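Structure assessment
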Protein chains: 4
Amino acid sequence: MKRIAVLTSGGDAPGMNAAIRSVVRVGIAEGLEVYGVEQGYAGLIAGRFVPMTVRSVGGIIGLGGTVLGSARCPEFRTEEGRRKAIEQMQAHGIDGLVVIGGGGSQTGSLLLHRMGFPVAGVASTIDNDLYGFDLTLGVDTALNTALESLDRIRSTASSHHRAFLVEVMGRDCGYLALMTALAGGAEVVVVPEVDVDPDAVARELREAYERGKSHAIVVVAEGARYNAAAMAEHFRERRDEVGFELRMTVLGHVQRGGTPTAFDRLLGTRAGAMAVKLLVEGRHGHIAGWLEGKVQALPLEEVVGKKRPLEPDLLSLAEVLAQ
Amino acid sequence: MKRIAVLTSGGDAPGMNAAIRSVVRVGIAEGLEVYGVEQGYAGLIAGRFVPMTVRSVGGIIGLGGTVLGSARCPEFRTEEGRRKAIEQMQAHGIDGLVVIGGGGSQTGSLLLHRMGFPVAGVASTIDNDLYGFDLTLGVDTALNTALESLDRIRSTASSHHRAFLVEVMGRDCGYLALMTALAGGAEVVVVPEVDVDPDAVARELREAYERGKSHAIVVVAEGARYNAAAMAEHFRERRDEVGFELRMTVLGHVQRGGTPTAFDRLLGTRAGAMAVKLLVEGRHGHIAGWLEGKVQALPLEEVVGKKRPLEPDLLSLAEVLAQ
Amino acid sequence: MKRIAVLTSGGDAPGMNAAIRSVVRVGIAEGLEVYGVEQGYAGLIAGRFVPMTVRSVGGIIGLGGTVLGSARCPEFRTEEGRRKAIEQMQAHGIDGLVVIGGGGSQTGSLLLHRMGFPVAGVASTIDNDLYGFDLTLGVDTALNTALESLDRIRSTASSHHRAFLVEVMGRDCGYLALMTALAGGAEVVVVPEVDVDPDAVARELREAYERGKSHAIVVVAEGARYNAAAMAEHFRERRDEVGFELRMTVLGHVQRGGTPTAFDRLLGTRAGAMAVKLLVEGRHGHIAGWLEGKVQALPLEEVVGKKRPLEPDLLSLAEVLAQ
Amino acid sequence: MKRIAVLTSGGDAPGMNAAIRSVVRVGIAEGLEVYGVEQGYAGLIAGRFVPMTVRSVGGIIGLGGTVLGSARCPEFRTEEGRRKAIEQMQAHGIDGLVVIGGGGSQTGSLLLHRMGFPVAGVASTIDNDLYGFDLTLGVDTALNTALESLDRIRSTASSHHRAFLVEVMGRDCGYLALMTALAGGAEVVVVPEVDVDPDAVARELREAYERGKSHAIVVVAEGARYNAAAMAEHFRERRDEVGFELRMTVLGHVQRGGTPTAFDRLLGTRAGAMAVKLLVEGRHGHIAGWLEGKVQALPLEEVVGKKRPLEPDLLSLAEVLAQ
């Protein structure tokens, strides 16, 4: 292996730049040339390669987003598209690729691997829905951002004796919602994995109201059957069943951005370094991520296409603590 | 004057607790007894008075929201309601009242003043829509919170070559939107005071897109003719006119909460101290706020019911800088 | 077991309040009465017990420090002192104790255990020097605080073409220094575990200077043979060997305080819950902490009195990346 | 006027980049060419001019420090040095200069003005020691950073019943110390403008200790007769007179760096714009800064070489509130 490329794909996640920096610097230290690919798989197909030096990743470890950019690429879902991508890499003498991204992006890298191209992944998505890993790159920052917003909302909720529905990211996976609720001391949490009846939520709010609590917070994952807007709509005619006056906030894209936490910078750094090692050592088709307290590699075949389950213990703990 | 009370009213604002603390400690230093009123004017009518000591406001200067609570009170809009409030205060031997709040709340304090009850106001609302003052309590914190969110959104916007509509608070007043846009380097700002054509916004985005900008941010005040949702709806069918892919975020109640900035703690502290002095010195019916670089008092009669104009210079400057 | 007590001991760590809250609420949910002990072991000997309710820990999950207080207690190092402590607990009908603290504090809890009193620990110290665990309570917050300071220093260092010696906490353990250096992209890191020659540091700075870097950051653990002050002193006469103009900052107690991160709130919550379970289930003399991606219990006998080694891989990685 | 240059000089201050951006963009909008000068007056003498475009200041509004760099320049204090600087500007066709900096730097710009070269200043220093202005660029950010550190220290101080000496920047001017103390609810503040007896500080701490306070904070300006280290030394033998156990933290360069607050971004933006207008309109030898709630220009002759007095009202208020 002489020349590798690195791309970021899918939704951006804080820490991607730490991973890029690490791939570049560790790659160069291993004697490789390293290219950056602009705009994810779309740039791969279009041959948008940029030579990277030790200097070109200076000062990016603390930046949110991804300096390489990301984009959707329907063409890459076709074999034709992927063949073009491989041809572009071969034309530029690139014989290994690091893909930093989540589930959809790693489906792509697995398909490249199956076509025989040396690939290594870095598990990166703020949804934490990647099977096999404990934590993916970006989750810790998104969680802290959501928590900071929750802390802010609590002070205004408490001043006005209100209940708040706070919607956090998570299309299929309630991890972010559950952890935000636990760390923020929320009264109720609503996740996609559990089929929650909005009337049960109303009852819990009513009980908190009658226990004399000054406010209540419900954290809702965007992918729950009733998201925040649906639940607010459901409660509109049922004010008396809830007790509190109700407000809603959708945290939205704010969760995705910003300076990465120490954990995400370290995870990006270490997973990026391992991805290079995987390519150099010929362990192709693997993905590096956080598992059991350290960076580990799993075969893409084992990771892609499966669903990460929620820890049921934590759901019960959230209920015990919400008093 | 021997005994005064203090209440917070209307939407809570960061810094209200600094003002409460200052009213209590300065009041006691002036030889007064000080009572807190729970839940604003509603608590005033209901006689919810709590004796305050130097200790009871210890450690609150850095807390968001208001430890006294706030609530809506339609009854206080009737003369009957206000008469009850005055009777309650007289029954408790209270001969002066400090009202910490914005436009609606100070209408209430003006009416009490007209009925002959000694009142002093503290100008406090995150909307900065109070006539006569440069800055009201809470604006600086809300602005910094909105700006931090904008900074976060920029990193994700830039990674995906997107335009974002970011809605900030401000029902009648575009101050927060304009300042957030200027400080955040936004490309476009939409305020209630100017009748903005959404097609003109589309043209500006299109131009930024064609100049090769990696992203664009439009800051929209919630009270603009087209708020963020209306504008997103308008653009839905006009994707080509905009250039960028579009996303929307409503910052919402997050802006209201959180630890107050140094400025808001200092403003609350100084305005609270002045409110006590106004009562003690017999300058009743005045309101303390930030004007021309220091805390000053204005007659409530001059402040209430008028509209704070936006500085047109700043709007032009925002346009010059958005490049 | 019917009645338990909880105390915090040693240096305070962010997340201790989350642990206290969890011990109280999980304890009550398990049917126990829970008492808080004020001022650590000193309060235990003096019998300063406070009954705790679900309400008395409301709103503390986000607070830094410890609401129970902490204090040094030389008396507890004597058998006499520990006997008094046990008598106090017996007199109050307390039949189990949760000790939240680091190495020194857990030596105390082990000694109580050896005297036959049921004890459970929660591994908590910002130094991360507790043998057996990956991360102790408070480390994540301290690390993020140190990192934020490093980010600030970098901008001023870069503006003035200076090198900075930044001293972080860590008397025997370089974990915090190493992680801060890695996450902050520092040029050099100096830890107690490695005997670093200050002239070697000077050479690295000189090389960075000659490569044209705009600045350089050296992260120094307080317990290194040459701490920041000693190194600055050593360099005073050797300005030419360093290249850069040199400045020094000791981060100090700032690292210890502040709102805990999501991770520390979750760790405190989960470890506190496990400590209660350990007492209830009769697994006495264990300590709960973060290991291999989850909360686990280890026997105090295995943890106390040993030294946590630094991961040598990370030291090498820090060198590769510092370019 | 056709071509202007802009430089930053002296200690860097958050918001300098907002000012640079504004000078560049407003200058270009006014039809001027704008050059940046690297490394302050040293770069001016050496002719280190860089052409600036609308693009070259994109994305810098939120960065700490100064992208143009700053450096000491003893040569500029000589008339010879200043003559060289003017010759360099003339050789590059530059007929106006914007100097962003504090007292020492504006002495330089006044001397250039006296030599007939068109100059405009932007009042910028985190010490807030510039005569004539209410607030200089960078003060608001430095104050919020110091306050955040104080908040952190308070939680650890309170957990251990300790008193802390916290040293903030300010060589001749106690503004930052006084405001940090007021906003942070400190018990005592020590500024250079008032000759404080350390035994009086000890007495205040002793009284707080005896009133049963859980902790006490003393904010000390670095330029006070007894700075933090001197006061700690003085107290070493007088433990009993203080009551509390004592700790010390010097905040240091952390205060200088970091993302500027909204206020500093807006002030830099508006003062930079005014500096360009001053040059264009022929009002040479003026300096733009914050005064009475807006950006105003003062003649350099009136500003340079004088001392900004501390508001005595605020010192008394700090005493009243510290209870």
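Residues numbered from 1 in each chain as written. Chains lettered and ligands numbered in written order. Predicted model: local features only at pLDDT ≥ 70, side-chain atom pairs only at ≥ 80, totals over all residues. Heavy atoms only, no water.

What counts here: UniProt positions are given in the numbering used here, feature names are shortened, and annotations may be inferred rather than shown by experiment.
In the nomenclature of an unreviewed UniProt entry, chain A is known as ATP-dependent 6-phosphofructokinase of Geochorda subterranea. Of the comments in the UniProt record for chain A, the one headed Function (unreviewed entry) reads "Catalyzes the phosphorylation of D-fructose 6-phosphate to fructose 1,6-bisphosphate by ATP, the first committing step of glycolysis." Annotation of chain A in UniProt includes, under Subcellular location (unreviewed entry), the sentence "Cytoplasm".

**Let's talk about the relation of the copies chain A and chain B**
This is how the line gets drawn: We place the copies in one frame by least squares, fitting the C-alpha atoms of every residue whose pLDDT is at least 70 in both. For this analysis, residues touch if any pair of their heavy atoms sits within 4.5 Å.
Once chain A has been moved 0.0 Å along the axis and rotated by 180 degrees, it coincides with chain B to within an RMSD of 0.0 Å. Classification of the inter-copy transformation places it as that of a two-fold axis. When the interface residues of chain A are mapped onto chain B, 100% of them again fall at the interface, so both copies present the same face.

**A short note on the nonpolar core**
One recurring pattern in soluble globular proteins is that nonpolar side chains are buried together. Rule in force here: Remark: nonpolar core denotes a set of buried residues (Ala, Val, Leu, Ile, Met, Phe, Trp, Tyr, Cys) joined through side-chain atoms within 4.5 Å. In this scheme, a residue with accessible area under 20% of its type's maximum is buried, one over 50% is exposed, and one in between is partly exposed, where area comes from a 1.4 Å probe on protein chains only.
Of all hydrophobic cores here, the largest spans 142 residues; its most connected members are I100(B), I217(B), I100(D) and I217(D). I100(B) has contacts with V6(B), L7(B), T8(B), S9(B), M16(B), A19(B), I20(B), Q106(B), V122(B), S124(B) and L137(B), leaving out every residue within four places of it along the chain. Residues L32(A), V98(C), L182(C) and L251(C) belong to the second largest nonpolar core, which totals 141 residues.

**Digging into the interface of chain A and chain B**
The criterion, for reference: Defined in terms of a 1.4 Å probe, buried area is the accessible area two parts forfeit on being brought together, summed over both. Salt bridges are identified by distance alone: a Lys or Arg side-chain nitrogen within 4 Å of an Asp or Glu carboxyl oxygen. Polar contacts, as counted here, are pairs of nitrogen or oxygen atoms within 3.5 Å of one another; within protein the pair requires one atom able to donate a hydrogen and one able to accept it, and residues that are adjacent in sequence qualify only if both atoms are side-chain atoms. In this text, helices come from DSSP runs of H or I with a minimum length of four residues, and strands from runs of E with a minimum of two, each type numbered from the N-terminal end.
If you look at the interface, chain A gives 32 residues, while chain B gives 32 residues. Here chain A packs against chain B, burying approximately 2,400 Å² in sum over the two surfaces, 48% of which is carbon and sulfur. The interface formed by chain A and chain B includes four salt bridges. A salt bridge links R72(B) to E245(A); its shortest N-O distance comes to 3.6 Å. Viewed at the interface, chain B and chain A are joined by 14 residue pairs in polar contact (both at pLDDT 80 or more). At the level of elements, α5 (139–160), β6 (162–168) and β9 (245–250) of chain A are the ones that each hand at least two residues to the side of chain A that touches chain B.

**With respect to the side chain of H215(C)**
All names here are of chain C. Summarising the element assignment, H215 is placed in the loop between α7 (198–210) and β8 (216–221). On the accessibility criterion, H215 (9% relative accessible area) is buried. A polar contact is formed between the side chain of H215 and the side chain of R154, at a distance of 2.8 Å. At 2.8 Å, the side chain of H215 forms a polar contact with the side chain of S214. Discounting chain neighbours no more than four positions away, the residues touching H215 are R154, A157, S158, R162, E187 and F244.

**Some details on the sheet that holds strand β4 (residues 96–101) of chain C**
All names here are of chain C. Where we set the bar: Pairing between strands is defined by DSSP: at least two bridges between them are needed. Fitting a line to C-alpha atoms yields each axis, with helices limited to the stretch in contact; the angle taken between N-to-C directions then spans 0 to 180 degrees.
As summarised here, the arrangement of the seven strands in space is β3-β2-β1-β4-β5-β10-β11, forming an open sheet in which the pairing is mixed. The open sheet is flanked by β3 (49–52) and β11 (294–299), the only strands paired with a single partner. The mean inter-strand angle of the sheet, taken between neighbouring strand axes irrespective of direction, is 25 degrees. Summarising the sheet, β4 and strand β5 (residues 119–123) pair through five bridges and their orientation is parallel. Each bridged residue has a counterpart across the sheet, and for G101 the counterpart in β5 is A123. Packing against the sheet, helix α4 (residues 103–114) makes contact with β4, β5 and β10 (286–291), and its axis sits at approximately 160 degrees to β4.

**A word on the arrangement of the chains**
Across all C-alpha pairs, the smallest distance from chain B to chain C is 11 Å, and the two are not in contact. At their nearest point, the C-alpha atoms of chain A and chain D are still 11 Å apart, with no contact between the two.

**Overview of the pairing of β5(C)**
Residues and elements named next belong to chain C. Among the five residues that make up β5, five are buried, leaving the element largely enclosed by the rest of the structure. Neither face of β5 is exposed, since V119, G121 and A123 on one face and A120 and V122 on the opposite face are all buried. The sheet contact formed by β5 and β10 spans three bridges and is parallel. Considered in β10, the bridge of V122 is made with A288.

**A look at the UniProt feature "domain: Phosphofructokinase" (unreviewed entry) in chain A**
Sequence positions flagged by UniProt for "domain: Phosphofructokinase" (unreviewed entry) are, in local numbering, residues 3–279 of chain A. End-to-end, the C-alpha atoms of residues 3–279 of chain A are 11 Å apart, and along that stretch the chain is 44% helix and 17% strand.

**Some details on the interface of chain B and chain D**
Opposite the 37 residues of chain B that make contact, chain D presents 37 residues. Roughly 3,000 Å² of surface becomes buried between chain B and chain D when both sides are summed, with 61% attributable to carbon and sulfur atoms. For R270(D), the salt bridge is made with E311(B), and the minimal N-O distance between the two is 3.4 Å. The interface formed by chain B and chain D contains 10 residue pairs in polar contact (both at pLDDT 80 or more). Those elements giving two or more residues to the side of chain B that touches chain D turn out to be α1 (16–29), α5 (139–160), α6 (175–184), α10 (262–280) and α12 (312–321) of chain B. With seven residues, α10(B) is the single largest residue contributor to the side of chain B that touches chain D.

**Describing the pairing of strand β8 (residues 216–221) of chain A**
Residue and element names in this part refer to chain A. Counted only if it meets this: Crossovers are described as right-handed under a simple rule: with the strands pointing away from the observer, the path leading from the first strand over the helix to the second runs clockwise.
By the criterion of burial, β8 is predominantly enclosed, with six of the six residues buried. Burial along β8 is two-sided: A216, V218 and V220 and I217, V219 and A221, pointing in opposite directions, are all buried. Inspection of the sheet shows β6 paired to β8 by six bridges, in the parallel sense. Each residue of the ladder has a partner; that of L165, found in β8, is V218. Both strand β7 (residues 188–190) and β8 contribute to a ladder of three bridges, which runs parallel. Paired with V189 across the strands is V219, a residue of β8. With helix α7 (residues 198–210) bridging β7 and the parallel β8, this β-α-β connection has right-handed handedness.

**Here's the deal with helix α12 (residues 312–321) of chain D**
Inclusion rule: Picture the helix axis, draw a direction to every C-beta atom, and the arc is the one those directions span.
By the burial criterion, the buried members of α12(D) are L314(D), L315(D), L317(D), A318(D) and L321(D). Seen along its axis, α12(D) keeps its buried residues to an arc of 160 degrees; they face one direction. Seen from the buried face of α12(D), the exposed residues on the opposite side, beyond 90 degrees, are P312(D), D313(D) and E319(D). Those residues of α12(D) that are buried are in contact with α1 and α10 of chain B together with α6 (175–184) and β7 (188–190) of chain D.

**Thoughts on the pattern of salt bridges**
Following the criterion strictly, the structure yields 72 salt bridges over all chains and no others. For the salt bridge of R265(C) with D151(A), the shortest nitrogen-to-oxygen distance reads 2.7 Å. On the criterion of chain membership, the pair formed by R265(C) in helix α10 (residues 262–280) and D151(A) in helix α5 is interchain, its members lying in two chains. With a relative accessible area of 2%, R265(C) lands in the buried category.

**With respect to unusual backbone geometry**
Residues and elements named next belong to chain A. In this model, N128 sits at a positive phi of 55 degrees, which is unusual for a non-glycine residue. With respect to the secondary-structure elements, N128 resides in the loop between β5 (119–123) and α5. For N128, a relative accessible area of 0% puts it in the buried group.

**A few points about the domain arrangement of chain A**
All names here are of chain A. Note the following rule: Domain extents, as shown, originate in an automatic or database domain assignment. Three categories are distinguished: nonpolar for Ala, Val, Leu, Ile, Met, Phe, Trp, Tyr, Cys and Pro, charged for Asp, Glu, Lys and Arg, and polar for the others, with Gly belonging to the last.
By domain assignment, chain A separates into domain 1 (3–138 + 260–303) and domain 2 (140–256). A C-alpha centroid distance of 35 Å is found between domain 1 and domain 2. Facing 13 residues of domain 1, the contacting portion of domain 2 comprises 13 residues. Note on domain 1 versus domain 2: buried area summed over both sides is about 1,100 Å², and carbon and sulfur give 52% of it. Ranking the residues of domain 1 by area buried against domain 2 places I126, D127 and T261 at the top, with a combined share of 46%. The interface formed by domain 1 and domain 2 contains one salt bridge. When the shortest N-O distance is used, the salt bridge between R171 and D127 registers 4.0 Å. Inspection of the region where domain 1 meets domain 2 yields eight residue pairs in polar contact (both at pLDDT 80 or more). Grouping the constituent residues of the side of domain 1 that touches domain 2 by class yields five nonpolar, four polar and four charged.

**Side note on α10(C)**
Residues spaced three or four apart along an α-helix point in a common direction, a consequence of the helix completing one turn every 3.6 residues. Residues and elements named next belong to chain C. Stated precisely, the cut-off is as follows: Multiplying 1.5 Å by the helix residue count minus one yields the expected span of that helix.
The terminal C-alpha atoms of α10, which comprises 19 residues, lie 27 Å apart, in line with the 27 Å expected from a rise of 1.5 Å per residue. Burial within α10 is extensive, with 16 of its 19 residues counted as buried. With its phi angle positive at about 80 degrees, G282 sits one or two positions after the end of α10.

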